[in-house]
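Tertiary structure, described
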Amino acid sequence: MDDSIVAQGGTGDVIVAIATPVGQGAISLIRLSGTGALDVLSQVFTPTGKRRKQKRELEDRKAVLGHLHDLQADKIDEVLVTVFRGPRSYTGEDVAEISCHGGILVTRKVLEALLESGARAAGPGEFSQRAFLNGKMDLTQAEAVMDLISAQTNLALKAAGEQLAGRLGEQLMELRAELLSLVAQVEAYIDFPDEDIDPETGNLMVMRISTSKQTVLALLATADQGRILREGARVVIYGAPNVGKSSLLNLLLGFDRAIVSDVAGTTRDTLEEVISLRGIPLRLIDTAGVHRSSDKIEKQGIERTKQQVENADLVLQVVDGSEARPEVALAGEVGNGRHMLILNKADLVIHPDWQALKGVRISCTENQGIDDLENAIVAVLEADGEAWGNNLVAINARHKDCLKRAKVDLQAAEEGLRQSGGTAMPEITAMDLRSALDHVGEIVGQVDAEEVLGEIFSSFCIGK
Ligand SMILES: Nc1nc2c(ncn2[C@@H]2O[C@H](COP(=O)(O)OP(=O)(O)OP(=O)(O)O)[C@@H](O)[C@H]2O)c(=O)[nH]1
Ligand SMILES: [Mg+2]
């Protein structure tokens, strides 16, 4: 046995984790990665049959049947093992994947045997972190792995898939190359201390910087869609009691989640459910009806409604179209987000108070107008973005933060050159461009900041 592979510490050591969810299932997968992973494996795995003698030479990328045992040679389970020698593996290091029976105890014992033979338990996202550090993917791709795992709708999945394929990374690398070329050009002037940038070159640069800024702005414009795809749009159903808010929630959900009754004040607390509307994830929030109330509990419910409205991406204000207009404020008068008026109970006669008001007419009991409502919701959510599904990339909050800073730098570089008629001091332009370059580089992970990396990968699940 080779003792040299026993946990060496640092990034070269062998990590192990259960890659499948904890629970009973047909199969569990345990993954090992690192230089020496195959040695760790060989201490506790014996291939079946004639391979026994050649156990150290497991064929690459070929499933091998055998026994997993502990260091005392007590058999734990019959398993299938596949090895991926680096660099042709997920992490770029030697990787072994062990499929054992999916029992909680069996899985844990396999894990313990591997820990005993020298591996150490992986932290969250450590496999992907290694893949990134070994150049198998850039940071946007590593992030896309988690987006893909947590995607709840088709569009979210598609966007994550595109990012994983490297679309965003490619765009950013192009942008980076352009900025780098600009920096090089400007810095050439610094070598000649008495020379400012000449007007002709300066003006050309202004144009190039402006084009880069447009690229940054176009990416920034996908931030809202990116957030909604990752977290879901917060759509709050708001209105007076008894207008049919819970009926609408149930109808959009497709099952009776909320209690519906003709008693005003049925819903007292907020209720949240996620649905996919044409592939867009929506967090639908049903709320307590708003009116003047002296009931202590109801007042608390109404307070919660107000908080939800303040944080909404879209407020669906439901009114009872058959009744006179109540004193409740219209959604446009509350909250900061977008709003839409919905005249429910359109199966009854519409009251004159509502005739002149624009709103989507629906009937929850008769299931009328729901298609129109869904179309209207999609239209509102894409109001200042592109049509859903057209975007190949949609950035996340971290990307947005970096791009906003890059935008400020590019603006400064552009302004400086423009105002001086193209003859700005090269030192200052170079500084602005370098700073923009750093911020763009940070998105794909071309930074040394360990802190940034630690923060990103710690949000991953263990085993990824
Ligand atoms: N005629 C008619 N009745 C409806 C319609 N939608 C809901 N209702 C009825 O209106 C009543 C109130 O519905 P809910 O969905 O509980 O109303 P709500 O706005 O959630 O009420 P609170 O939770 O009390 O604020 C129930 O009796 C529903 O059956 C509709 O489109 N047409
Ligand atoms: Mg209700």
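Relevant structure appears above.
Residues numbered from 1 in each chain as written. Chains lettered and ligands numbered in written order. Predicted model: local features only at pLDDT ≥ 70, side-chain atom pairs only at ≥ 80, totals over all residues.

1. Focus: the overall build of the protein chain
Tallying secondary structure elements over the protein chain gives 15 helices and 13 strands in all. Counting all 464 residues of the protein chain, 40% fall into the buried class. Long-range pairs, those at least 24 residues apart, make up 66% of the contacts in the protein chain with a sequence separation of at least 6. (Helix = DSSP H or I, 4+ residues; strand = E, 2+ residues; numbered from the N terminus. Buried ≥ 20, exposed ≤ 12 C-beta atoms within 10 Å, placed from the backbone. Contact = placed C-beta atoms within 7 Å.)

2. A look at helix α3 (residues 126-133)
Counting buried residues along α3, seven of its eight residues qualify, which places the element largely inside the surrounding structure. Within the span of α3, buried status applies to Glu126, Phe127, Ser128, Gln129, Arg130, Ala131 and Phe132. Among the residues trailing α3, glycine 135 stands out with phi positive, at a value near 75 degrees.

3. Considering the sheet that holds strand β11 (residues 314-320)
Across the sheet, six strands lie side by side as β9-β10-β8-β11-β12-β13; this open sheet has mixed pairing. The open sheet has two edge strands with one neighbour each: β9 (271-277) and β13 (360-361). Pairing between strand β8 (residues 233-239) and strand β10 (residues 280-286): five bridges, direction parallel. Bridging from a neighbouring strand, alanine 233 pairs with leucine 282 of β10. Running over the sheet, helix α9 (residues 245-253) touches β8, β9, β10, β11 and β12 (338-344) and is turned about 155 degrees from β10. (Pairing = 2+ DSSP bridges. Axes fitted to C-alpha atoms, helices over the stretch in contact; angles between N-to-C directions.)

4. A few points about the site of ligand 1
Near ligand 1 lie 22 residues; those nearest to it are Gly244, Ser246, Ser247, Thr267 and Gly289. Examining the composition of the shell around ligand 1, we find that three residues originate from one element, α9, more than from any other. Residue composition of the shell around ligand 1, by class: six nonpolar, twelve polar and four charged. (Near = placed C-beta within 6 Å. Nonpolar A, V, L, I, M, F, W, Y, C, P; charged D, E, K, R; others polar.)

5. Considering the packing of α3 against helix α4 (residues 139-150)
Where α3 meets α4, the closest approach of the two axes is 9 Å, and the angle between their N-to-C directions is 160 degrees. Between α3 and α4, the angle is such that the two are roughly antiparallel. Regarding α3 and α4, the two cross each other, and that crossing is right-handed. Packed against α3, whose contacting residues are Ser128, Ala131 and Phe132, the element α4 presents Leu139, Ala142 and Val145 at the interface. (Parallel < 35°, antiparallel > 145°, perpendicular 65-115°, else oblique. Left-handed = near helix turned anticlockwise from the far one by under 90°.)

6. Observations concerning the pairing of strand β4 (residues 64-69)
As paired elements, strand β3 (residues 45-47) and β4 share three bridges and run antiparallel to each other. Each bridged residue has a counterpart across the sheet, and for phenylalanine 45 the counterpart in β4 is leucine 68. Relative to strand β5 (residues 75-84), β4 runs antiparallel, the two being bridged by six bridges. The partner of histidine 69 across the bridge, within β5, is lysine 75.

7. So, helix α5 (residues 154-164)
Among the residues of α5, Leu155, Ala156, Ala159, Ala160 and Gln163 are the ones counted as buried. One face of α5 carries all of its buried residues, which in axial projection span an arc of 135 degrees. As for α5, its buried residues are in contact with α4, α6 (167-190), α8 (223-231) and β10. (Arc of directions from axis to C-beta.)

8. Description of the sheet that holds strand β6 (residues 95-101)
Across the sheet, seven strands lie side by side as β3-β4-β5-β6-β2-β1-β7; this open sheet has mixed pairing. Either end of the sheet is taken by a strand with one partner, and the two such strands are β3 and β7 (120-121).

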